[in-house]
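Summary of the model geometry
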Amino acid sequence: VAIPVDDAEEIEPALESARAAVRDGARLVEWRVDALVDRLLPDRAAEALACVQRLVGESPAPCIVTIRSASENGAFRGDDTDRVSLLEAIGAGEPAPRYLDFELAAFDRSANLRQKVRLAVAHDRQPRDLKTSLILSSHDFGSRPADLQKRLAAMVVEPACAVAKVAWRARSLRDNLEAFELLLERGKPMVALCMGEFGLMSRVLAPKFGGLFTFARGTDTRETAAGQPTVRELRDQWQFDRIGPATAVYGVIGWPVSHSRSPALQNAGFDALGVDAVYLPMPVEESWESFKATLGAMIDFAPLTLRGVSVTLPHKEHLVRFVRERGGTLCSLSERCGSANTLLISKDERACALHAVNTDAPAAIAAIAHALPGGSREPHALLADKHVALVGAGGVARALAFALTDAGAEVTIFNRTRERATALASSIGARAQVGRASVPPPRGSRFDVIINATSLGMRGAETEGRSPLPDDFEFVNDCVVMETIYTPRLTPLLRRARDGGATVIDGSEMFVRQAEAQFRVWTERDPPSGLFRTTLDALEPSS
Ligand code: NAP
């Protein structure tokens, strides 16, 4: 856990934060004292030393002392000679930290600084018996530095450097793969991390590739680099303590994806069944090119052991194209509707096989069938000849239209953009008709089932609070109304439908069922009954 300490008054609360982080599972504390030291040097060096020694002495776990310079996003703006003199006193003093961190750029700048830093730490040529080791570090907050390899080589050949640390802001998920490659080829103990929203994978999977440590923040402290999870998140959400070389990797690819509840559900499933796997959010920008390059690189980087992904907006059609281009196989539904949300990656020593599946539509169909009278029967038997109003003609609506037609339902498609509705209707055959207006269905329509497969009413969307049906739409009593949206649980559509006497199904039914189906595709096992439901309910109370 990295704990910033900005002035002497903050020492006590900082120690308390560190103790809390250690209770949460942190095993090493980084004291980030740059701002504190910046206030005190050069005139009050003895006071600065006393503050740092108090932190070291009372640290609840072995610690790193870092006085990060402003040139690498730290708060220390003073003179490097003063900074190094203080580091020397800290390293050679008592109590001494386990590590001192110093930037390679400053180390490289002058022979005098190098000499003083070497004197402050334990290494083969150090004549004194010291307890502190040196971390040489390099940070780039813009992107991957062009001379990354050169920087690492300089750290590796430096005899006083015990740990080489490189961190840079990732521009895409692919940067993480390079960090993993560096770790696998490391010439000495190493930390290689990617910062920012694309970098979470490098922080969580560090133990899989032999990274010496990762950095997290305390629950009540600010991050010291972009994208740091809290210690608790690392442990509880990202299974950090269980991750090792053999851990299989899964994730959800989408844009945006940080809000996704899928990681919570799938990780709970892996944890409950003792599956050595972790599931991560994988942000991939909208374009086909980004999708193809990123997913391709992750599959081809064998040490990642990527075994499956969920794919969400806007990439479901890209997944089908990707699998076709790579000679993989598709389930019959994704083959016909052109969109899939689940990828299974099976690998043996010689080959990698890809299989894509659509679990969205079967999940929605099962949820509807469950709510219809006689719900324990085969979904197909229940849906035969039912009149279904399907609002929307996007990816989910498309898959649903095919699956509903397969089940024998009479589908009417309503959509804002008429051409999309017409195109979808013609591709599913004679049973579908295009709605007269787009949204909403004409007054007086009688449908056995109404499904909202648009984003109308979704929390955070421009259309939050809106319903795809007119306010005075009359629901008949035996009508089933299903939402695909699951935040909020009770959308305006469902509230009106419920008040109008219809049977309502919120979007979480579909979400939980499609996630359970994905878990089965990947593990060939059922997740514990009710686990995904209770995990989602804990995150999204249904009120
Ligand atoms: P999509 O491909 O982008 O399609 C969006 C649909 O919504 C289109 O039909 C679009 O109409 C319509 N729409 C968007 N804004 C509208 C507006 N202001 N007024 C009228 N219509 C509007 O999205 P998708 O992947 O099909 O997803 C549809 C919904 O399903 C989303 O709400 C998503 O959250 C939800 N979903 C739920 C689950 C689950 O497990 N519960 C899984 C996946 C998706 P146009 O054709 O006119 O643009």
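Structure: above.
These notes cover the structure that comes with them. What you are looking at is a predicted structure, and each value in this text was computed from that prediction instead of being measured.

In this section: the packing of aromatic side chains. Following the criterion strictly, the structure yields 15 aromatic pairs and no others. When the ring of Tyr250 is compared with that of Trp522, the centres are 5.1 Å apart and the planes differ by 45 degrees; the resulting orientation is tilted. Residue Tyr250 is found in strand β8 (residues 248-254), and its partner Trp522 is found in helix α20 (residues 507-523); the two are separated by 272 residues along the sequence. On the accessibility criterion, Tyr250 (6% relative accessible area) is buried. The class of Trp522 is buried, set by a relative accessible area of 7%. Sitting over the ring of Tyr99, Arg98 keeps its end group 4.5 Å from the ring centre.

Sheet architecture is open: seven strands sit in the order β1-β2-β3-β4-β5-β6-β7, paired in parallel fashion. Among the strands making up the open sheet, the edge pair consists of β1 (2-4) and β7 (190-195). With strand direction ignored, the average angle separating the axes of adjacent strands in the sheet is 25 degrees. Across three bridges, the pairing between strand β3 (residues 63-66) and strand β4 (residues 99-103) is parallel. By the bridge assignment for β4, Thr66 is matched with Asp101. The strands touched by helix α1 (residues 11-24) are β1 and β2 (29-32); relative to β2, the strand with the most contacts, the crossing angle is about 160 degrees.

Moving on: unusual backbone geometry. Cis geometry marks the peptide bond from Leu41 to Pro42; its omega dihedral reads 5 degrees. Along the polypeptide, Pro42 turns up in the loop between α2 (34-40) and α3 (45-58). Look at the link from Leu313 to Pro314: it is a cis peptide, with omega at 0 degrees. Residue placement: Pro314 occurs in the loop between β10 (306-311) and α13 (316-325). Despite not being glycine, Gln239 shows a phi value in the positive range, around 55 degrees.

Turning our eyes to something else, we now look at the pairing of strand β18 (residues 480-483). Because side chains alternate across β18, one face comprises the buried residues Val480 and Met482, and the other comprises Val481 and Glu483, equally buried. Where strand β17 (residues 449-452) lies against β18, four bridges are found, and the strand directions are parallel. Bridging across to β18, Ile450 finds its partner in Val481. Running through helix α19 (residues 492-499), the crossover from β18 to the neighbouring parallel element strand β19 (residues 503-505) is right-handed.

Moving on to helix α12 (residues 288-300). Given a rise of 1.5 Å per residue, 13 residues ought to cover 18 Å, and the 18 Å separating the end C-alpha atoms of α12 matches this to within 8%. The complete set of buried residues in α12 reads Trp288, Ser290, Phe291, Thr294, Leu295, Gly296, Met298 and Ile299.

Before going further, it helps to spend a moment on the environment of Ala2. One can find Ala2 in strand β1. Residues Ala2 and Ile90, 88 residues apart in the sequence, show an inter-C-alpha distance of 18 Å. Once residues lying within four places of it in the same chain are set aside, the contact partners of Ala2 are Glu30, Phe215, Ala216, Arg217, Thr221, Thr224 and Gln228.

Read across the sheet, six strands follow the order β9-β8-β10-β12-β13-β11 without closing on themselves; strand pairing throughout is mixed. Each having just a single partner strand, β9 (277-283) and β11 (329-330) make up the two edges of the open sheet. Here β8 pairs with β9 via seven bridges, running parallel. Of the residues in β9, the one forming a bridge with Val249 is Val278.

What surrounds the ligand is a group of 25 residues, the closest being Val396, Asn415, Thr417, Arg420 and Thr484. Here a nitrogen atom of the ligand and a backbone polar atom of Thr484 are 2.7 Å apart. Within the complex, 82% of the 930 Å² of free accessible area of the ligand lies under protein. Contributions of two or more residues to the shell around the ligand are made by α17 (395-406) and α20. Per element, the largest residue contribution to the shell around the ligand is four residues, and it comes from α20. Of the residues assigned to the shell around the ligand, the class counts are ten nonpolar, eleven polar and four charged.

This paragraph deals with the pattern of salt bridges. Inspection of every chain in the model, using the stated rule, returns 36 salt bridges. A salt bridge links Arg498 to Asp499; the nearest nitrogen and oxygen atoms lie 3.5 Å apart. What emerges from the salt-bridge pattern is a single network uniting Glu12, Glu16, Arg19, Arg23, Arg54 and Glu58.

If you trace the backbone, Ser138 turns up in strand β5 (residues 133-140). Overall, the relative accessible area of 5% leaves Ser138 in the buried class. What Ser138 contacts, discounting residues up to four positions off in sequence, is Glu72, Arg151, Met155, Lys165, Val166 and Ala167.

Here the focus is helix α18 (residues 418-428). Residues of α18 that are buried: Ala421, Leu424, Ala425 and Ile428. All buried residues of α18 project into a common sector of 100 degrees when viewed along the axis, lining one side. Of the residues in α18, the exposed ones pointing more than 90 degrees away from the buried face are Glu419 and Ser426. Once α18 ends, the next one or two residues include Gly429, with phi positive near 100 degrees.

Okay, the nonpolar core next. If you look at the biggest cluster of nonpolar residues, it comprises 98 residues, and the most contacted ones within it are Trp31, Val33, Leu205, Leu295, Leu304 and Leu306. The contact partners of Leu304, leaving out residues within four places of it in the chain, are Leu177, Phe180, Met201, Leu205, Lys208, Phe209, Thr247, Val249 and Met298. With 39 residues, the next largest nonpolar core counts Cys337, Ala399, Leu400 and Ile413 among its residues.

Definitions and cut-offs
Residues numbered from 1 in each chain as written. Predicted model: local features only at pLDDT ≥ 70, side-chain atom pairs only at ≥ 80, totals over all residues. Heavy atoms only, no water. Phe/Tyr/Trp six-rings, centres within 6.5 Å; stacked < 30°, edge-to-face > 60°. Helix = DSSP H or I, 4+ residues; strand = E, 2+ residues; numbered from the N terminus. Buried < 20%, exposed > 50% of the residue type's maximum accessible area, 1.4 Å probe, protein only. Lys NZ or Arg CZ within 6 Å of the ring centre and 35° of its normal. Pairing = 2+ DSSP bridges. Axes fitted to C-alpha atoms, helices over the stretch in contact; angles between N-to-C directions. Contact = heavy atoms within 4.5 Å. Right-handed = clockwise from strand over helix to strand, strands pointing away. Expected span 1.5 Å × (residues − 1). Near = heavy atom within 4 Å. Polar contact = N/O pair within 3.5 Å; in protein donor to acceptor, adjacent residues only side chain to side chain. Areas by Shrake-Rupley, 256 points an atom, 1.4 Å probe, with all protein chains shown as cover. Nonpolar A, V, L, I, M, F, W, Y, C, P; charged D, E, K, R; others polar. Salt bridge = Lys/Arg side-chain N within 4 Å of Asp/Glu carboxyl O. Arc of directions from axis to C-beta. Core = buried A, V, L, I, M, F, W, Y, C linked by side-chain atoms within 4.5 Å.

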